[in-house]
Amino acid sequence: MLKTALVFSKSLVEMVREPQLAVLILLFPVFMLLIIYIGYNTPKLATHPVLVVGTDHPGAAALVDWLRAQRYADGRPMFNLQAAPDPAAAETALKTQAATVLLRLAPSPDGGAALQATLYGDATSMRFVTASTLLQNLMVPYLDAKAGRPEVVKITEQPLAVQGAQTDLDLYSPGMMLFAILMLTPQTAMLVAREVRWGTLRRLRLSALRPWQLLTGVSLAQMVMGAGLVAVMFGCAALMGFHNHGSVWLAVLIGLLVSFSAIGFGLMVACISTNDGDALNIGGVVTMLQVFLCGAFFAMPPLTVFTVGSYEIGALDFIPATHGLLALQQVLISGASLGQVGFRLALTLGLSVVYYCLGVLIFGWRQMRQRT
Amino acid sequence: MTNVVIKTENLVKRYGALTAVNGLSLEVYEGEIFGFLGPNGAGKTTSINMLCGLLRPDAGRVLVRGVPMDGGTAETRTRVGMCPQTIVLWERLTCLEQLEFMGQMYGLSGDRARRRSLKLLDDLDLADSRNKQARTLSGGMQRRLNLAMALVHDPEIVVLDEPEAGLDPQSRVRVREYLQSLARHKTVILTTHNMDEADRVVDRVAIIDHGELLELDTPEALKQRVGEGDVIEIRLAEGRHDEAGARSALAGLAAEVRLEPAAHTLRVRALNAVGQLADILAALARAGIQPSDVNIRANTLEDVFLKLTGRRLRE
């Protein structure tokens with residue numbers, strides 16, 4: 001244990017004295033988070049800016065007032081409705097995203113009392129899609145009721161979570177946190193491969209150091225890094241408006257478990273790398289594969305391999321990050337408790353231990369035994 | 001110096017079709033400085049890697065104090081301290097940190113590792129740089145720290161692969177003196193290409209080539225036994241010179257006697273000619289040949305080495 005502690009403390013000192021690497025590894029997922037924040041942060045509970053034309057038609061003013069009165073459950077208004085000064089100014093406002101939707105109200109072509117409503121906007125914009133869907137869902141039953149048409153079906157939305165993801169940032173943040181943790185794979189691989197390139201591994205072998213002592217020391221230092229990554233990602237996400245509904249400590253625990261598996265992958269990558277540059281490149285590829293396959297960016301199909309009883313076991317179930325991500329999402333987005341994510345945590349831990357042990361075994365065999 | 005510390009028995013190491021070490025058997029005695037000489041690719045580094053336990057021989061074995069290195073205890077391995085040819089340091093640890101770290105890895109207590117480290121830093125003139133990170137040291141300082149790393153756990157046997165490579169003259173002398181001071185209480189095994197270094201430092205030298213041991217003896221004995229021999233240039237008084245007479249007078253004493261008339265010089269070559277100088281001069285006097293000046297170029301270890309391994313360039 002003493003040797004493990006010595007390697008741990010040496011590795012920490014080296015990491016502290018080489019902050020560029022940690023900063024780089026951290027910056028990439030933070031940058032991705034920022035991209036999501038800037039590009040896809042479509043607020044699901046946003047107050048949508050809507051321009052209105054044709055409020056002078058009969059019934060239009062009442063509709064606008066009614067829409068103006070619509071509130072989310074937390075009391076925020078759904079729309080900020082403003083009269084459009086003129087069609088050209090309205091079009092400019094849409095193009096510059098000062099307004100999300102232009103609502104044009106006109107008398108019905110059949111000459112009846114009903115209003116005809118047309119929604120204009122950028123159909124490729126998620127903001128327009130969200131706002132226009134919300135407007136339709138509200139206006140159609142309203143106008144039907146005004147025209148005396150019976151309500152055919154009443155649709156109510158019930159979120160799966162207690163409160164649910166409120167923004168795309170909320171939805172993607174757990175994946176980005178996981179991404180940051182998985183960046184430990186190339187870093188671990190690079191640090192270990194560097195010991196090989198420097199020849200310091202030979203020096204350590206001469207001291208009769210065992211592979212598990214070396215790798216546990218390195219891994220513990222990397223897990224400290226992993227905990228730091230989770231904390232920094234949390235902080236950044238919170239600054240960008242991430243709404244956390246679960247236990248931060250539980251999330252950190254999940255992060256540590258996933259970092260354990262990322263380190264195991266890193267050790268295996270180190271075994272097949274001839275130098276630290278190779279290790280960074282190969283480790284980067286392994287990380288990206290894990291990130292995509294575990295569903296951090298988008299959900300993957302189950303890819304069932306075999307069935308045990310009534311359980312379908314998919315190829316992606318063998319990736320610890322798959323279960324880690326699900327657990328993290330359930331905790332952060334849905335406020336799940338330890339008991340509710342216990343199964344996923346157990347799978348993450350079990351698989352992480354398997355990959356870690358594989359990494360230690362392969363590394364010991366490839367790099368630390370007496371050469372034949 | 002008769003206690004055997006390391007013994008190799010018919011060591012063989014092959015890499016595919018290449019036999020890097022072929023039946024190497026030798027004994028290294030307690031307290032001696034033992035040199036491995038050989039051209040590039042002769043099998044020196046492979047041999048010392050097997051001596052340290054880093055490489056497993058295909059056949060034969062290494063015994064440290066009678067205990068086999070391969071399959072032996074960790075303690076057997078830690079009796080050896082190895083200083084590799086390349087600089088092997090953790091760039092971002094300070095001199096003191098890396099020495100303490102390695103000392104503790106070898107099982108020294110924190111206090112003892114610190115004391116040992118500070119002493120080594122002092123011995124190798126690195127005390128002022130003890131808190132500097134290795135990457136900021138000059139090449140010579142890194143080499144000295146590299147040497148200290150092999151010694152921090154106070155091993156009984158120190159194996160040094162080209163310890164003077166890349167050192168400036170001052171550092172070279174410092175390291176050489178330090179190695180000689182070590183030899184009183186440690187066994188030192190070193191490889192080198194530097195014949196001068198070997199001649200000055202080692203007690204016995206093994207010359208190997210193509211993985212085989214060619215000679216093993218003290219440098220002095222080798223110089224007397226192997227090679228072209230010492231050369232004595234005897235300047236003669238101007239006049240007629242009798243080459244045949246000189247050759248006849250030195251028969252049995254010199255391997256070669258050649259007269260260079262233009263230079264009025266008789267060139268005499270013989271193994272251990274320096275030791276026989278008095279006899280040679282007496283024999284010439286008896287033949288009526290009077291020298292006006294005598295120059296001696298002694299047989300060197302390099303001559304021995306080239307005689308044994310040839311002049312063909314390697315690798």
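Quick caveat: nothing in here was measured; it's all calculated off a predicted structure. (Residues numbered from 1 in each chain as written. Chains lettered and ligands numbered in written order. Predicted model: local features only at pLDDT ≥ 70, side-chain atom pairs only at ≥ 80, totals over all residues. Heavy atoms only, no water.)

Caption draft 1: View of helix α7 (residues 184-198) of chain A. Residues and elements named next belong to chain A. Over its 15 residues, α7 runs 21 Å from end to end, which matches the ideal 21 Å to within 8%, given 1.5 Å per residue. Counting buried positions along α7 yields 13 of 15 residues, so the element is predominantly enclosed. Of the residues trailing α7, Gly 199 is marked for its positive phi of about 90°. (Helix = DSSP H or I, 4+ residues; strand = E, 2+ residues; numbered from the N terminus. Expected span 1.5 Å × (residues − 1). Buried < 20%, exposed > 50% of the residue type's maximum accessible area, 1.4 Å probe, protein only.)

Caption draft 2: Main features of the pairing of strand β1 (residues 48-53) of chain A. Residue and element names in this part refer to chain A. Looking at chain direction, β1 and strand β2 (residues 79-83) are connected through 5 bridges and run parallel. Note that in β2 the partner of His 48 across the bridge is Phe 79. The handedness of the β1 to β2 crossover, carried by helix α3 (residues 60-68), is right-handed. With 4 bridges joining them, β1 and strand β3 (residues 101-107) adopt parallel strand pairing. Along β3, the bridge assignment pairs Val 53 with Arg 104. (Pairing = 2+ DSSP bridges. Right-handed = clockwise from strand over helix to strand, strands pointing away.)

Caption draft 3: Expanded view of the domain arrangement of chain B. When the domains of chain B are assigned, the result is domain 1 (4-79 + 155-224), domain 2 (94-154) and domain 3 (228-298). A C-alpha centroid distance of 55 Å is found between domain 2 of chain B and domain 3 of chain B. (Domains from an automatic or database assignment.)

Caption draft 4: Representation of helix α6 (residues 169-182) of chain B. Residues and elements named next belong to chain B. For α6, built from 14 residues, the straight-helix expectation of 20 Å at 1.5 Å per residue is met to within 8% by its first-to-last C-alpha distance of 20 Å. Inspection of α6 places Ser 171, Val 175, Arg 176, Tyr 178, Leu 179 and Leu 182 among the buried residues, and these make up the whole buried set. Burial along α6 is one-sided: seen end-on, the buried residues are contained in an arc of 165°. Exposed residues pointing more than 90 degrees away from the buried face of α6 are listed as Pro 169 and Gln 170. Among the structural elements, β3 (33-37), α4 (110-123), α5 (139-151), β7 (157-161), β8 (187-192) and α7 (195-201) are those in contact with the buried residues of α6. (Arc of directions from axis to C-beta. Contact = heavy atoms within 4.5 Å.)

Caption draft 5: Summary view of the side chain of Asn 299 of chain B. Residues and elements named next belong to chain B. Examined against the element boundaries, Asn 299 turns out to sit in the loop between β14 (291-297) and α11 (301-309). A distance of 2.7 Å separates a polar side-chain atom of Asn 299 from the backbone oxygen of Lys 223. Within the structure, the side chain of Asn 299 is placed 2.9 Å from the backbone oxygen of Val 226, a separation counted as a polar contact. Not counting residues up to four positions away in its chain, the partners in contact with Asn 299 are Lys 223, Val 226, Gly 227, Glu 228, Gly 229, Asp 230, Leu 271 and Val 304. (Polar contact = N/O pair within 3.5 Å; in protein donor to acceptor, adjacent residues only side chain to side chain.)

Caption draft 6: Examining the packing of aromatic side chains more closely. Residue and element names in this part refer to chain B. Scanning all chains against the criterion turns up 10 aromatic pairs over all chains. Each ring, one from Trp 90 and one from Phe 101, has its centre 5.2 Å from the other, and the planes form 85°; the classification is edge-to-face. Here Trp 90 is found in the loop between β6 (80-83) and α3 (95-105), whereas its partner Phe 101 is found in helix α3, with 11 residues between them in sequence. Judged on exposure class, the residue Trp 90 and its partner Phe 101 are both buried. (Phe/Tyr/Trp six-rings, centres within 6.5 Å; stacked < 30°, edge-to-face > 60°.)

Caption draft 7: Representation of the pattern of salt bridges. The tally for this structure, following the rule as stated, stands at 30 salt bridges over all chains. Residues Glu 91 of chain A and Lys 95 of chain A are paired through a salt bridge, measuring 3.2 Å at the closest nitrogen-oxygen approach. Within this pair, Glu 91 of chain A and its partner Lys 95 of chain A are both found in helix α4 (residues 87-95), separated by 4 residues, close to a single helical turn. Here Arg 174 of chain B makes a salt bridge to Asp 125 of chain B, at a shortest N to O gap of 3.0 Å. A residue pair is termed long-range when its members are at least 10 positions apart, and Arg 174 of chain B in helix α6 and Asp 125 of chain B in the loop between α4 and α5 qualify at 49 residues. Judged by relative accessible area, Arg 174 of chain B falls into the partly exposed class, the value being 25%. (Salt bridge = Lys/Arg side-chain N within 4 Å of Asp/Glu carboxyl O.)

Caption draft 8: The arrangement of the interface of chain A and chain B in detail. Taken residue by residue, the interface counts 23 residues in chain A and 31 residues in chain B. For the pair chain A and chain B, the summed buried area comes to about 2800 Å², and 59% of that belongs to carbon and sulfur atoms. Counting across the chain A and chain B interface gives 2 salt bridges. The partner of Glu 18 of chain A in a salt bridge is Arg 92 of chain B, with the nearest N and O atoms 3.8 Å apart. Where chain A packs against chain B, one counts 8 residue pairs in polar contact (both at pLDDT 80 or more). (Buried area = accessible area lost by both parts, 1.4 Å probe.)

Caption draft 9: Fine view of the nonpolar core. Core analysis: the biggest nonpolar cluster contains 102 residues, and Leu 214 of chain A together with Ile 6, Phe 36, Met 102, Leu 145, Leu 147 and Ile 189 of chain B have the highest contact counts within it. If you tally residues by element for this core, the top one is helix α10 (residues 248-272) of chain A, at 8 residues. Counting residues in hydrophobic clusters, the runner-up holds 51 residues, among them Val 30, Ala 237, Val 291 and Val 331 of chain A. (Core = buried A, V, L, I, M, F, W, Y, C linked by side-chain atoms within 4.5 Å.)

Caption draft 10: Looking closely at the sheet that holds strand β11 (residues 230-236) of chain B. Residue and element names in this part refer to chain B. Spatial strand order, β12-β13-β11-β14: 4 strands in an open sheet with antiparallel pairing. Each end of this open sheet is capped by a strand with a single partner; those strands are β12 (256-260) and β14. The average angle at which neighbouring strand axes cross in this sheet is 20°, direction not considered. In the sheet, β11 pairs with strand β13 (residues 265-270) via 6 bridges, with the strands oriented antiparallel. Pairing of Ile 234 across the sheet is with Leu 266, part of β13. Against the sheet, helix α10 (residues 277-286) contacts β11, β13 and β14, and its axis sits at roughly 35° relative to β11. (Axes fitted to C-alpha atoms, helices over the stretch in contact; angles between N-to-C directions.)

Caption draft 11: Structural detail: unusual backbone geometry. Look at Ala 208 of chain A: it is not a glycine, yet its phi comes out positive at around 65°. Locating Ala 208 of chain A in the fold gives a position in the loop between α8 (200-206) and α9 (211-239).

Caption draft 12: Spatial organisation of the state of the cysteines. Following the criterion strictly, the structure yields 0 disulfides over all chains and no others. In this structure Cys 52 of chain B is not part of a disulfide, and its nearest cysteine sulfur, from Cys 83 of chain B, lies 10 Å away. (Disulfide = S-S within 2.5 Å.)

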